[in-house]
Amino acid sequence: MAATSKVVRPPQSPGALQWLRENLFNNLLNSLLTVISLAVILFTLAGAFRWVFFTANWEPISNNPLLYLVGQYPRDDLWRLGVGLVLSSFLFGGSWRVWGGVLRTLAFTYALFLLAGVLWPLQAETLTLTMRAFLLANLVVIYLGFAFAGFKFVRPLSVLFGWVFTLIITLVLLHGISSVAFLPDVSTGLWGGIMVTLILAIGGITLSFPIGVLLALGRRSSLPVVTIFSTAFIEVIRGVPLIGILFLSSIIVPLFLPPEVRIDRLLRALLGMTLFSAAYTAENVRGGLAAVPPGQVEAAKAIGLNNFQITILIVLPQALRAVIPPIVGQFISLFKDTTLASGVAVLELLSVGRSILQANPQYIGLQTEVYLFIAAVFWILSYLMSYASQRLEVALGVGQR
Amino acid sequence: MSANHSSEQPIILCRDVHKWYGNFQALKGIDMEVYKGEVIVIFGPSGSGKSTFIRTLNRLEEHQKGQIIIDGIELSHDVRNIEKVRMETGMVFQQFNLFPHLTVIQNITLAPIWVRKWPKEKAEEIAGQLLERVGIPEQAEKFPGQLSGGQQQRVAMARALAMQPKIMLFDEPTSALDPEMIKEVLDVMVELAKSGMTMLVVTHEMSFARAVADRMYFFDDGLIVESGTPDEIFNNPQEDRTKLFLSQILSH
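Residues numbered from 1 in each chain as written. Chains lettered and ligands numbered in written order. Predicted model: local features only at pLDDT ≥ 70, side-chain atom pairs only at ≥ 80, totals over all residues. Heavy atoms only, no water.

1. Topic: the pairing of strand E3 (residues 39-43) of chain B
Every regular strand shows the same layout, with side chains that alternate between the two sheet faces. Residues and elements named next belong to chain B. Of all 5 residues that make up E3, 5 are buried, and the element is covered over most of its length. Residue alternation in E3 divides its side chains into two sets, Val39, Val41 and Phe43 and Ile40 and Ile42, and both sets are buried. Two strands pair when backbone bridges link them, and E3 and strand E8 (residues 198-202) are joined in this way by 4 bridges, in the parallel orientation. If you follow Val41 over to E8, its bridge partner there is Val201. (Buried < 20%, exposed > 50% of the residue type's maximum accessible area, 1.4 Å probe, protein only. Helix = DSSP H or I, 4+ residues; strand = E, 2+ residues; numbered from the N terminus. Pairing = 2+ DSSP bridges.)

As structure tokens, then:
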């Protein structure tokens, strides 16, 4: 026995053919089922392919790409959105350099969208050459951002501030400043499409996250007033459907305000979505807070940290890491729930699609195409968020202690 | 060392310390005086209040009656006093309680940077020296989850020492360790004791007590049953409960 010093190898995994024979064709019934399933799959795929490329009429989309993107936003003022796009391109490049990993994938996806815009075979009057050239230039800007972030003084935090700055600057530009001659106000009634959907989603997420964390901390506070307020807020909001909150914020709240105080319609919808999402985020974060072992807080106290430092340095980093999956789930559902804002006359993507169908008699019967397109847009963006969260979990080592 | 302290102030002074959890009384009047440089070993059956007692000394547990004075500062509801006492006492836990999201060096430098307000370079330099002292300088950039239990506990000691405390509290530091790792932790504790650190150690490691303890306290049912030098406790225990307990833990 001792003489046979042969290296013991793990069992070889079978080749593809071997695997097929063992699993799909190992007896008559299984072979039959395999053939039938294959036929059904091929038939379905072929049908779908034929429908998408030959039967379907994509005119409601291909003739109105700008409506889906920005709604009725004045075409002469589209340069304002362009500024935001250029800043975003620059920051996508920078984020790629600074964080790598998932941000690289996102920057690539973003570049792919731009490229699709450049090359899309649409008529010249809907997507002018100037626009195509602008989108192409953005690809260069991504590279510039990537190169710029190579400088030593660019830190992850500066890129993060860049994003916040871009968000604010873009919103201010889109809205206009009445005292500046070349920036006349553009009523949010004219805003629409994917632009509004993204404003509601990104705005709702960035605002509701800190509020949710504060509410979760408040609910565990030792001060009874804070606890009662946080708990009451969370439970009331969670007990009401989102559409109810949106109606409340857009119709009932203005009734209580003096007539000269007018809050913008889009802003009211954003407020409603933020509060709604904050309550759910709070409950998710609370779960994460409860999962931090009490020994962590004791150890932090024992080395002399005060309560604020313990929360910021010890408890929150561990709690938030543990709840990335449910929080991202919450953000994805917030993103999809932006469609409910159509109920309070906010022209987000879904209502743009609906109004294009209603306004053009020649599109009668093309609902399937329009709604499938909208569904695809939502699916792609939701999947990107989900993908980013999975990568983030791996990067932060969720589940490892 | 334990004799002739009459002229000196005790660094830890406890008078008639009581502690309740609801209706359950965990401490029933503890009196203790510890002088600078002494090594105290506290032992007793589980549920005897020994862990509760050591945790009242840096106010992880609040005592409801009696007086605790640490280096001249009385522990009360005054938050500033609690913070001062915590800066002067380091604590090592049974479950290590390292911060899993921070590297070893970040674990150690956290408090010096945020509480003592040292510059990062100074904190890291001292952390490096401490890791050298506990024998694991090569682990600085690892995360706690990548270390063995014995290494984690030594990092925990370095973390506590980084605040340059006057007193070190140990709450069953070797109870969660695999047997082969107990020695590496005890070695560091012995070295620390010999360097003149004031130490209170809740432990059943009687070899440690024999080697470095100045005095031993036997806790049972929330009270100090007996105290004395290791020689007195091991060779001539006065109380039946002490004898019984010692025979149980020394028999194997």
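Okay, back to it.
2. Remarks on helix H7 (residues 129-148) of chain A
All names here are of chain A. The end-to-end C-alpha distance of H7 is 28 Å, a good match for the 28 Å that 20 residues give at a rise of 1.5 Å each. Taken together, the buried positions of H7 are occupied by Arg132, Leu135, Asn138, Val141, Ile142 and Gly145. Projected onto a plane normal to the axis of H7, the buried residues spread over an arc of 160° and lie on a single side. Facing away from the buried side of H7, by more than 90 degrees, are the exposed residues Leu129, Thr130 and Tyr143. (Expected span 1.5 Å × (residues − 1). Arc of directions from axis to C-beta.)

3. Let's talk about the confidence of the model for chain A
When pLDDT is averaged along chain A, the result is 89, and 97% of the positions lie at 70 or above. Taking the mean pLDDT of every element in chain A, the minimum, 82, falls on helix H1 (residues 16-23) of chain A and the maximum, 96, on helix H13 (residues 294-302) of chain A. (pLDDT = per-residue confidence, 0-100.)

4. Observations regarding the nonpolar core
If you look at the biggest cluster of nonpolar residues, it comprises 84 residues, and the most contacted ones within it are Phe53, Leu57 and Leu200 of chain B. Among the elements that take part in this core, helix H12 (residues 265-291) of chain A stands out by supplying 10 residues, more than any other. Residues contacting Leu57 of chain B, with those up to four places away along its chain left out, are Ile12, Cys14, Ile68, Ile70, Leu75, Val85, Leu169 and Leu200 of chain B. (Core = buried A, V, L, I, M, F, W, Y, C linked by side-chain atoms within 4.5 Å. Contact = heavy atoms within 4.5 Å.)

5. Quick word on helix H4 (residues 120-133) of chain B
Residues and elements named next belong to chain B. If you check H4, its first and last C-alpha atoms are 20 Å apart, about what 14 residues at 1.5 Å a residue would give, namely 20 Å. Within H4, burial applies to Ala123, Ile126, Ala127, Leu130 and Leu131. Along the axis of H4, the buried positions cluster into a sector of 145°, meaning they face one direction only. Projecting away from the buried face of H4 at angles above 90 degrees are the exposed residues Glu121, Glu125 and Glu132. Its buried side turned inward, H4 meets helix H3 (104-114) and helix H5 (149-161). Once H4 ends, the next one or two residues include Gly135, with phi positive near 85°.

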